[in-house]
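Read off the chains here:
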Amino acid sequence: MGFTMSLNFILLLVMVATNILSLYHLSSTVQSPKPPLPAPVPDHLIRQLNTIRATINHLTRNNPSSASATAKPSSVVPPDLMLHSQIGPIASSCHNHPDLLHRYMNYTPFSTCPFDPDLQETLILNGCHPLPRRRCFSKTPSKPPSSLPLTPFPTSLPDSGVIWNKYSCKSFACLLQNNPTSFDLNAQRSSLLKYTSELDLPIPQFMQLAKSANSAIRLGIDIGGGTGTFAALMKKSYNVTMLTTTMNVNAPYNEAVALRGLVPLHVPLQQRFPVFDGTMDLVRCGRAVNRWIPVSVMEFMFYDVDRVLRAGGYLWVDRFFSKAVDLEKIYAPLIRKLGYKKVKWAVANKTDPSGLKHGEVYLTALLQKPASKS
């Protein structure tokens, strides 16, 4: 029924457009003493008619059983229609959340965009990614910082580089006090450089392993990298460019990464990595990759890791946690299916209250991708 109503409406538009053309020609001949040649039809009217015709053909192809006999097929789609279909692609999952999508797209064109990072996060985490484009101007901090840090380990990050309206904390000092695991940059730094247990793989040790294998480390992705400390260390100490995937869940993680002079990627774990095949030397999975991710999502993620890694590149799984039985029966076989060379594989008990209650373990693994078999 909805198709019939849409088709009837479009046919009405065709009739209106045809009448407009008739009036246009009539007006051009009535005012002339001699019967002149027909005046050329304006381009904009031709484009409108072509667009209407292409829409009818599209509906006819998708609904052949209820197609109107008056809609004749056309093999040529007008360039305007194709252009509009490519300007603002919308992920298929966006259609599962029409209310949220309507709120996101409810804005005044050519004015300041609504400041809705919380809405954007909700849509993205529900699979609506990439978000549709909007024709509006992004909101900026009212007093942006006069200078930005020149080192990825500044003494502090400038509060004026963030719009704090949507967050409970209104400064990085507040975040440091309430969430030191993520925002204490020095604490993160030491944990990535020191060896205190078999689960640790200090960055200097990793770089030495890669060097001994004649494998250059220049480019990489840090999945779920928080505020970007791993990327900061790789940049500062080894001039390695790491892209950090991170989400702004209750805090401005992307802004923190950028303020450190690093590159944040605002993409969820289920999103295809926005880099070309076989271009990365290293992909590191931080603690955001764990047993709470659906197995099917994790499997696709690991195969996308394989897609972007070059031959000889490394997959670094850093303290992945799950139930011990699930690691043995599900996750370890899933990782081993990649067929990578095992450089390090360490498993140890997760000794915090949650780990003890659920029988959880940690896995740290370093695996090297082989060359494809011909």
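Our subject is the structure that appears above.
All values reported here derive from a predicted model rather than from experimental measurement.

(A) Highlighting the pattern of salt bridges. Under the counting rule described, the total for this entry stands at 14 salt bridges. For the salt bridge of Arg134 with Asp116, the shortest nitrogen-to-oxygen distance reads 3.1 Å. Taken as a pair, Arg134 in the loop between helix H5 (117–125) and helix H6 (172–178) and Asp116 in the loop between helix H4 (98–105) and H5 lie far apart in primary sequence, 18 residues in all. Taking relative accessible area as the criterion, Arg134 reaches 16% and is therefore assigned buried. A salt bridge links Asp318 to Arg284; the nearest nitrogen and oxygen atoms lie 2.8 Å apart. Separated by 34 residues along the polypeptide, Asp318 in strand S5 (residues 309–323) and Arg284 in strand S4 (residues 280–285) bring together distant segments of the chain.

(B) A look at the nonpolar core. The biggest cluster of nonpolar side chains holds 32 residues, and the ones touching the most others in it are Ile221, Ile223, Phe273, Val283, Phe302 and Leu315. Secondary-structure elements contributing two or more residues to this core are strand S1 (219–223), S4, helix H12 (295–308), S5, helix H13 (324–336) and strand S7 (360–368). Contact partners of Phe302, with chain neighbours within four places excluded, come to Cys285, Leu315, Leu334, Ile335 and Leu338. Formed by 21 residues, the second largest nonpolar core is a distinct cluster that contains Ile203, Ile217, Met234 and Val240.

(C) Structural context of the environment of Thr351. Of note, Thr351 is situated in the loop between strand S6 (341–349) and helix H14 (353–358). Judged by its relative accessible area of 61%, Thr351 falls in the exposed class. Along the sequence, Thr351 and Tyr362 sit 11 residues apart, while their C-alpha atoms lie 9.5 Å from each other.

(D) Local environment of the side chain of Arg284. Given the relative accessible area of 9%, Arg284 is considered buried. A distance of 2.8 Å separates the side chain of Arg284 from the side chain of Asp222, its partner in a polar contact. Non-local contacts of Arg284, meaning those with residues more than four positions away in its chain, are made with Leu192, Ile221, Asp222, Ile223, Phe230, Trp316 and Asp318.

(E) Just the sheet that holds S6, in detail. Pairing is mixed across the open sheet formed by seven strands, whose spatial order is S3-S2-S1-S4-S5-S7-S6. Because the sheet does not close on itself, it has two edges, and the strands there are strand S3 (263–265) and S6. Mean inter-strand twist for the sheet, computed between neighbouring axes without regard to direction, equals 15°. Both S4 and S5 contribute to a ladder of five bridges, which runs parallel. Note that in S5 the partner of Arg284 across the bridge is Trp316. In the packing of helix H10 (residues 229–238) onto the sheet, contacts are made with S1, strand S2 (241–245), S4 and S5, and the angle to S2 comes to roughly 175°.

(F) Region of the structure containing unusual backbone geometry. Going from His129 to Pro130, the amide bond is cis rather than trans, its omega being 5°. You will see that Asn250, though not glycine, has its phi angle at about 70°, which is positive. Turning to its location among the elements, Asn250 is positioned in the loop between S2 and helix H11 (253–259). Looking at Asn250, the relative accessible area reads 66%, which means it is exposed. In this structure, Arg319 is a non-glycine residue whose phi angle is positive, near 55°. With respect to the element layout, Arg319 can be found in strand S5.

(G) Structural context of the packing of helix H8 (residues 185–193) against H10. Orientation of H8 relative to H10, taken along the N-to-C sense of each, is 65°, at an axis distance of 9 Å. Here H8 lies roughly perpendicular to H10, going by the angle between them. Relative to H10, the crossing made by H8 is right-handed. On H10, the residues that touch Leu185, Gln188, Arg189, Leu192 and Leu193 of H8 are Thr229, Phe230, Leu233 and Lys236. A breakdown of the residues in the contact of H8 with H10 according to their chemical character gives five nonpolar, two polar and two charged.

(H) Looking closely at the pairing of S4. Counted residue by residue, S4 has six buried out of six residues, so it is predominantly covered. Both S1 and S4 contribute to a ladder of four bridges, which runs parallel. Within S4, the position partnered with Ile221 by the bridge is Val283. Crossover connection from S4 via H12 to parallel S5: handedness right-handed.

(I) Spatial organisation of helix H9 (residues 203–212). Regarding H9, the residues found buried are Ile203, Phe206, Met207 and Ala210. The buried residues of H9 all sit within an arc of 95° when viewed along its axis, so they share a single face. On its buried face, H9 is in contact with H8, H10, S4, S5 and S7.

Cut-offs applied
Residues numbered from 1 in each chain as written. Predicted model: local features only at pLDDT ≥ 70, side-chain atom pairs only at ≥ 80, totals over all residues. Heavy atoms only, no water. Salt bridge = Lys/Arg side-chain N within 4 Å of Asp/Glu carboxyl O. Helix = DSSP H or I, 4+ residues; strand = E, 2+ residues; numbered from the N terminus. Buried < 20%, exposed > 50% of the residue type's maximum accessible area, 1.4 Å probe, protein only. Core = buried A, V, L, I, M, F, W, Y, C linked by side-chain atoms within 4.5 Å. Contact = heavy atoms within 4.5 Å. Polar contact = N/O pair within 3.5 Å; in protein donor to acceptor, adjacent residues only side chain to side chain. Pairing = 2+ DSSP bridges. Axes fitted to C-alpha atoms, helices over the stretch in contact; angles between N-to-C directions. Parallel < 35°, antiparallel > 145°, perpendicular 65-115°, else oblique. Left-handed = near helix turned anticlockwise from the far one by under 90°. Nonpolar A, V, L, I, M, F, W, Y, C, P; charged D, E, K, R; others polar. Right-handed = clockwise from strand over helix to strand, strands pointing away. Arc of directions from axis to C-beta.

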